[in-house]
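Structure at a glance
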Amino acid sequence: MIDCQDILTAIEGEDMSRQTDDGKHEGYVAAWFADDRWSGGWGNGAFLITRRADGSMLPVDEWFPRPPAEVIGWRPMCECGWRGSFWTRVGSPAEEDISRQRGYSSEFGDPSQELDDAAMREWERHIAPSQAAWPVVQAAREFYDAQDRLTDVVRQARADGASWTDIGDAAGMTRQSAHERWSKVVG
Ligand SMILES: [Zn+2]
């Protein structure tokens, strides 16, 4: 009997997933089984099944091991719920054809480095749009922070006796624009 905790301990030793900067996407290549169960990690000679076929998490005490011989293929997955295409496990190295999504595995059931790289390229295409937008997220954050700081220093300037004309001059706008922009928020 294989103990799930032993598998987990072995899995935790290596991090096989990759994460986007915003933390919303975490990709990995899952080992797939005939009943549409899958596993993101293996150790101590077995894969650990932690989810139901619909993707929801199983309670920890219902996790169970699966032997590598039962792996029928692989699929790139993302923690956001995205699933990539299926890669079929073939019986011999000669049958491997990465371009046709057929991969050979050793007795351990893990994909070859070449298959792993190719499958993760699918995940990279999946995250490309959010990666492209990531600089906007960062710049917007800086922009709103700067707006907050600007409001704070205007409030302080008013408290220290600056007129709306003084503040308008300092901010590069007219007295009226400065007043319209800040009078309601800083008093
Ligand atoms: Zn994702």
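Details of the structure are given in the entry above.
What comes next is a walk through the structure. Only a predicted model underlies this, so the values are computations on that prediction, with no experimental measurement involved.

Attention now moves to helix α4 (residues 175-186). For α4, the full list of buried residues reads Ala178, Trp182, Ser183 and Val186. One side of α4 holds all its buried residues, which, seen down the axis, span an arc of 125 degrees. Every exposed residue of α4 that faces more than 90 degrees away from the buried side is listed here: Gln176, Glu180 and Lys184. The secondary structure elements touched by the buried residues of α4 are α2 (113-159) and α3 (164-171).

On to the packing of α2 against α4. The contact between α2 and α4 brings their axes to 10 Å, and the two run at 75 degrees. With respect to α4, the element α2 is oriented roughly perpendicular. Mapping the contact onto sequence places Gln147, Leu150, Thr151, Val154, Arg155 and Arg158 in α2 and Arg181, Trp182, Val185 and Val186 in α4. Counted by class, the contact of α2 with α4 contains five nonpolar, two polar and three charged residues.

How each quantity is defined
Residues numbered from 1 in each chain as written. Predicted model: local features only at pLDDT ≥ 70, side-chain atom pairs only at ≥ 80, totals over all residues. Heavy atoms only, no water. Buried < 20%, exposed > 50% of the residue type's maximum accessible area, 1.4 Å probe, protein only. Helix = DSSP H or I, 4+ residues; strand = E, 2+ residues; numbered from the N terminus. Arc of directions from axis to C-beta. Contact = heavy atoms within 4.5 Å. Axes fitted to C-alpha atoms, helices over the stretch in contact; angles between N-to-C directions. Parallel < 35°, antiparallel > 145°, perpendicular 65-115°, else oblique. Nonpolar A, V, L, I, M, F, W, Y, C, P; charged D, E, K, R; others polar.

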